[in-house]
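Descriptive analysis of the structure
Okay, here's what each chain looks like letter by letter:
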Amino acid sequence: MSSSRRALLAAATAVAGGLAVGCGADSRRDAGATRVDLTGSTGSTGISDTSGPAPATGEAEAAGAGGSGAGGSGAGGSGSPARPGPVTVRRTTFTSAARGRQVRMAVIAPAGTTAGTLPVCLVLHGRGDDADRAVALLGLDGQLTAALAAGVAPFALVALDGGESYWHRRASGDDPEAMIIDEVLPRLAAQGLRTDRIAATGWSMGGYGALLLARRHPDLVVAVAASSPAMWHSYGASAPGAFDSAADFAAHPVLGTPPVPGVGYRIDCGESDPFIKVSREVAATLGARERNFGPGGHTASFWSAVTPAQLAFVGAALNRAA
């Protein structure tokens, strides 16, 4: 383990330790719908390194300080990138044509970086969560503050409302994937963030969604860090409502697919999580550069505990892609 990784894990101990132990609604609905092909194996491997449009008129914005204090939320003036300043959280509500409803977006970013230089990592929440809960559930403002203090290259975390869609277009017309590509990324670019190459992270439903986004947009996503990704081998084994039909399930595969060239993968899952078996499988199939299958369950405490290492992983990948 590198010295910067050790420093990051030490700096984030207080952040992770202070979060609530438990799980969101997605663990009751997804993990609770456990079937035979979700049976977890035993034993731990530990961590293994193989190495458009501007915002619409009438959007509501609220900026608040996160982590170490107040400051701007994204870009500075021209010139060389400055040392990142305090981390802030800027919340925006906008009307999504792709989802047919009002959605929320939370941008967690350090101040003091030059326009167009700060890359983005999308945060895709689990079932039953939303953008605001994602920030609070993992303490993302504090987690990013600790990562930057430990020397991780600066980037912005962007949490989004995805409903219970499993982050793909549904028969109802709800299309969170189109929201990301056609609405969110242009808005982030208009704020001065760099959106040509991004990373994605998420847990449970969102872990699957992050892996799926990389598969469907290989020229966009450079890295994925997925915690307890909710995946099944068949439509019949999937959680109720995760897919519209067997055809919908077949059209959005992750399990059994090869790695996307140019994408780095990290997979985390607790030994007591019902998704441990498929997590091990997808880590092997995708050739995950980092993987962690230590003690833990399908809980917020596990996801928050692995967040520091995930932020270091995606930060390094985004820095290489700059």
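Note that the structure is a prediction, hence the values are computed from the model and not measured. (Residues numbered from 1 in each chain as written. Predicted model: local features only at pLDDT ≥ 70, side-chain atom pairs only at ≥ 80, totals over all residues. Heavy atoms only, no water.)

Relative to the helices and strands, Ser-165 resides in the loop between β7 (156–160) and α6 (176–190). Under the relative-accessibility criterion, Ser-165 is labelled buried at 3%. A distance of 2.7 Å separates the side chain of Ser-165 from the backbone oxygen of Gly-162, its partner in a polar contact. Apart from residues no more than four positions distant in its own chain, Ser-165 is found in contact with Arg-170, Asp-174, Pro-176, Met-205 and Ala-242. (Helix = DSSP H or I, 4+ residues; strand = E, 2+ residues; numbered from the N terminus. Buried < 20%, exposed > 50% of the residue type's maximum accessible area, 1.4 Å probe, protein only. Polar contact = N/O pair within 3.5 Å; in protein donor to acceptor, adjacent residues only side chain to side chain. Contact = heavy atoms within 4.5 Å.)

It is worth spelling out the environment of Ala-199 at this point. Counting through the fold element by element, Ala-199 comes out in strand β8 (residues 198–203). Residue contacts for Ala-199: discarding those within four places in its chain leaves Val-120, Cys-121, Leu-122, Ala-223, Val-314 and Leu-318.

What follows concerns unusual backbone geometry. Comment: phi is negative for the bulk of residues other than glycine, and the bulk of peptide bonds are trans. In this model, Tyr-166 sits at a positive phi of 60°, which is unusual for a non-glycine residue. Here Tyr-166 lies in the loop between β7 and α6. Residue Tyr-166 is classed as buried on the basis of its relative accessible area, which comes to 0%. Even without a glycine there, the phi angle at Ser-228 is positive, about 45°. In this fold, Ser-228 is placed in the loop between β9 (221–227) and α8 (246–251).

In this section: the confidence of the model for the chain. When the pLDDT values of the chain are averaged, the result is 82; 74% of them are 70 or greater. In the predicted structure, residues 32–59 sits below a pLDDT of 50 and forms 64 contacts with residues beyond four places in sequence or in another chain. (pLDDT = per-residue confidence, 0-100.)

Our focus in this paragraph is helix α9 (residues 276–286). Listed as buried for α9 are Ile-276, Val-278, Ser-279, Arg-280, Val-282, Ala-283 and Leu-286. Considering only its buried residues, α9 is in contact with α7 (205–216), β10 (264–268) and β11 (290–292). In the segment just after α9, Gly-287 is the residue with positive phi, at about 60°.

With that settled, consider the environment of Ser-301. Relative to the helices and strands, Ser-301 resides in helix α10 (residues 300–321). A C-alpha to C-alpha distance of 8.2 Å links Ser-301 and Leu-138, two positions 163 residues apart in sequence.

Let's shift gears to the pattern of salt bridges. Under the criterion given, the structure shown has 15 salt bridges. Taking the shortest distance from any N to any O, the salt bridge between Arg-127 and Glu-164 comes out at 3.5 Å. Of this pair, Arg-127 sits in the loop between β6 (120–124) and α4 (131–138) while Glu-164 sits in the loop between β7 and α6, and the two are 37 residues apart along the sequence. A relative accessible area of 7% means that Arg-127 is categorised as buried. Arg-170 serves as the salt-bridge partner of Asp-248, at 3.8 Å between the closest nitrogen and oxygen. Highlighted residues: Asp-248 in helix α8 and Arg-170 in the loop between β7 and α6, separated in sequence by 78 residues. For the pair formed by Asp-248 and Arg-170, the shared burial category is buried. (Salt bridge = Lys/Arg side-chain N within 4 Å of Asp/Glu carboxyl O.)

Moving on: empty space enclosed by the protein. Size it by volume and the largest cavity reaches roughly 80 Å³. Along the wall of the largest cavity there are 14 residues; nearest its centre are Leu-138, Leu-140, Thr-201, Thr-307 and Gln-310. When residues of the lining of the largest cavity are traced back to their parent elements, those giving at least two are β8, β9 and α10. For the lining of the largest cavity, the element with the most residues is α10, which contributes 5 residues. For the lining of the largest cavity, a count of residues per class yields 9 nonpolar, 5 polar and no charged. (1 Å grid on protein atoms, 1.4 Å probe; cavity = no way out; pocket = protein on both sides within 12 Å on 5 of 7 lines; lining within 4 Å. Points joined across faces, edges and corners; volume = space filled by probe spheres on them. Nonpolar A, V, L, I, M, F, W, Y, C, P; charged D, E, K, R; others polar.)

With 22 residues, α10 should reach 32 Å at 1.5 Å per residue; the first-to-last C-alpha distance of 30 Å fits that figure. Thr-307 marks where α10 bends most, by close to 40°; the proline Pro-308 follows one to four residues later. In terms of burial, α10 is largely enclosed, as 16 of its 22 residues are buried. (Expected span 1.5 Å × (residues − 1). Bend = angle between axes of the 7 residues up to and from the residue.)

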